[in-house]
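Tertiary structure, described
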Amino acid sequence: MNTVINNHSQDTKLLDNILRFIRLLRKSGVKIGNQSSIDALKSIKILKIGNRKEFYWALHTTLINRNEDKEIFDQCFYLFWQNPKIMEQVFNLLIPQIGTQKSPGNTKKQLKRISENLGKKEFDLEKNQKDEIIFDSQMSWSNKSSINSKDFEMMSLSELKEAEEVIKKLLIKSKNQLTRRWKSKDNGIKISYKNTIKKSIQNNGIIKLGYRSQLKKSKSLVILIDISGSMESYSRIMLFFSHLLIQQQNDIEVFTFGTSLTRITRLLKNKDIDFSLNKIGNFVTDWAAGTKITSSIHDFNLNWSRRILTQNQSLILISDGLERDQNKNLDFEINRLSMFAKNIIWLNPLLRYEKFEPKVASIKTILKYVNKIVPIHNINSIDKLVNDIL
């Protein structure tokens, strides 16, 4: 009788810990539906899991639907399920402990969003005072000045949200350029002789001054965003940045490119950024894939440049310039693009490195035809972009 009760309580503890693990994945950015959670719990109950590897694949198969979530799942799994013999005694499961075990064969930096979510109280992790001190020192919150200079690649989910709020305020400062058109006004500084004469005639010769002011217009922009694997940490922020620009200005066109070119302007016009990003995620098929810059720019030159680069628009190219295309016509395509655009501004996150040198052939080729190249890796760089260029 006691054996049955003990097995039932241990089984319950295992399922509770799986639910905690699922909450960790969700808070780390993995989209998991209720049905997937139910399937994961059922699979553990039904399958006769004999080792850690089988346990890993049972959870992975039921919980992960997108390739980009695999790395987050791997790091969460090896951090959460710390005991290396945990599945050898699956029904004697202990509550997971935060330790120093590293993911086997994974040399990439641990995503801070996972560490941050592991540290929250809702997981009821047992830690002694010493562990708490170490954990706090690693997960300390950034103040405003430090987050402004922090690389987007190293930010947690909550820090990215804070960064987005700061960027919203920065774009309020974006400048408008004066046009050659004028607008009639009842008061102002510049007198309009035409409006003055009109008003005098209407008032039986009584002179009443009319004024005019020069119309202002936001800069017309075309934005090309690299969404390849090497740009994955920056593409969401750049899409968020483009969404804000479209909400403030009318003459903005946005494209993404990885292995192919996709126009997403219409999808970004919805005021809800999360709705827009969700639609883009379903519409664009080459997320975190390779980079075919030559083919993408060829497609833009052939199908879009003459249609949208008609009013001296500036073109913003957001990419690290690392080409994976077998096509060798990059020089020709970039040169052709520069003929259509008023100027080309290249936003490159690789410029965050002080000793950056353009040694890659594709970067050298693009540099020949751009008017300006600036870094785009943190809030300070976006602030400089807004003040100096937009």
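Report follows, based on the coordinates. (Residues numbered from 1 in each chain as written. Predicted model: local features only at pLDDT ≥ 70, side-chain atom pairs only at ≥ 80, totals over all residues. Heavy atoms only, no water.)

**So, the overall build of the protein**
Short version of the rule: The helix and strand labels rest on DSSP assignments: H or I over at least four residues marks a helix, E over at least two residues marks a strand, and numbering proceeds from the N terminus. For the exposure calls, accessible area comes from a 1.4 Å probe over protein chains only, and a residue counts as buried if that area is under 20% of its type's maximum, exposed if over 50%, partly exposed in between. Here a residue-residue contact requires only that any non-hydrogen atoms of the pair lie within 4.5 Å. Areas reported here follow the Shrake-Rupley algorithm with a probe of radius 1.4 Å; residue values treat only the protein chains shown as occluding.
The helix and strand inventory of the protein stands at 16 helices and 9 strands. Relative to its 390 residues, the protein shows a buried fraction of 45%. Long-range pairs, those at least 24 residues apart, make up 73% of the contacts in the protein between residues at least 6 apart in sequence. Accessible surface for the protein amounts to roughly 22,200 Å². Of this, 51% is attributable to carbon and sulfur atoms.

**Quick look at the packing of aromatic side chains**
Quick note on the threshold: Note on aromatic contacts: the rings of Phe and Tyr and the six-membered ring of Trp form a pair at centre separations within 6.5 Å, being stacked when their planes are under 30 degrees apart, edge-to-face when over 60 apart, and tilted otherwise.
According to the stated counting rule, one finds 15 aromatic pairs in the structure shown. With a centroid separation of 5.4 Å and 65 degrees between ring planes, the pair formed by Y56 and F73 is classed as edge-to-face. Here Y56, found in helix α3 (residues 52-63), pairs with F73, found in helix α4 (residues 70-80); they are 17 residues apart in sequence, far enough to count as distant. When its relative accessible area of 7% is taken as the criterion, Y56 is described as buried. Judged by centre distance (5.3 Å) and plane angle (65 degrees), the rings of F255 and W304 are edge-to-face. With F255 in strand β5 (residues 252-257) and W304 in the loop between α12 (293-303) and α13 (305-308), the pair connects residues that are 49 residues apart, well separated along the chain. A relative accessible area of 18% means that W304 is categorised as buried.

**Some thoughts on the pairing of strand β8 (residues 343-347)**
The condition is simple: Two strands are said to pair when DSSP picks up at least two bridges between them.
In terms of burial, β8 is a largely internal element, 5 of the 5 residues being buried. What you see with β8 is no split at all: N343, I345 and L347 on one side and I344 and W346 on the other are buried throughout. In this structure, strand β7 (residues 314-318) lies alongside β8, joined through 5 bridges in parallel fashion. When the sheet's bridge partners are listed, S314 is paired in β8 with N343. Pairing between β8 and strand β9 (residues 372-374): 3 bridges, direction parallel. When the sheet's bridge partners are listed, W346 is paired in β9 with I373.

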